[in-house]
Amino acid sequence: MTKKLDIVEKIIEEKKNKKLNFYKLILLNDDFTTMDFVVKILIMFLNKTNIQAQSLMLKVHNEGSAVCGIFPIDVAKTIQKKIHNYSSINHQPLKCIIK
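Residues numbered from 1 in each chain as written. Predicted model: local features only at pLDDT ≥ 70, side-chain atom pairs only at ≥ 80, totals over all residues. Heavy atoms only, no water.

### Re the overall build of the chain
Here is step 1: For the chain, the helix and strand inventory stands at 4 helices and 3 strands.
Here is step 2: In the chain, buried positions account for 30% of the 99 residues.
Here is step 3: Partitioning the intrachain contacts of the chain with sequence separation of at least 6 by distance along the chain shows that 69% fall at a separation of at least 24.
Here is step 4: Within the structure as shown, the chain displays about 7400 Å² of accessible surface, and the carbon and sulfur contribution to it stands at 56%. (Helix = DSSP H or I, 4+ residues; strand = E, 2+ residues; numbered from the N terminus. Buried < 20%, exposed > 50% of the residue type's maximum accessible area, 1.4 Å probe, protein only. Contact = heavy atoms within 4.5 Å. Areas by Shrake-Rupley, 256 points an atom, 1.4 Å probe, with all protein chains shown as cover.)

This is the structure we're talking about:
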């Protein structure tokens, strides 16, 4: 007969051994979203400093996209939804993708 403690220990051990898959959150450039808005998004939702946000914004502007963070899938999807919702509310077409 297995004890509850043995089952709990087994579950904890399985969680320790399970590797988390991380995904890139990538901001995409467009011709309509303002640079200031992109900086604001990076500061608000990705906890970037003003200098980091400006640097990433310029990378998005010049190269067409930039990796803004690497997260577990559930965190990446949550941030993506927040960015899309906030952009929509502010009438900005900013998009980000998860790869």
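From this point on, the discussion continues.
### Some thoughts on the packing of aromatic side chains
Here is step 1: Per the stated rule, a full pass over the model turns up 2 aromatic pairs.
Here is step 2: Between the aromatic rings of Phe-37 and Tyr-86, the centroid separation amounts to 5.7 Å while the plane-to-plane angle is 10°, which identifies the pairing as stacked. Pair noted here: Phe-37 is in helix H2 (residues 35-46) and Tyr-86 is in helix H4 (residues 73-89), with a separation of 49 residues, a long-range link.
Here is step 3: Judged by its relative accessible area of 18%, Tyr-86 is buried.
Here is step 4: With 5.6 Å between their ring centres and 70° between their planes, Phe-45 and Tyr-86 make a pair best called edge-to-face. On the criterion of sequence distance, the pair formed by Phe-45 in helix H2 and Tyr-86 in helix H4 is long-range, its members being 41 residues apart.
Here is step 5: Owing to a relative accessible area of 18%, Phe-45 belongs among the buried residues under this scheme.
Here is step 6: Chaining the aromatic ring pairs together yields one cluster made of Phe-37, Phe-45 and Tyr-86. (Phe/Tyr/Trp six-rings, centres within 6.5 Å; stacked < 30°, edge-to-face > 60°.)

Without other data, these values stay purely geometric and don't point to any function.
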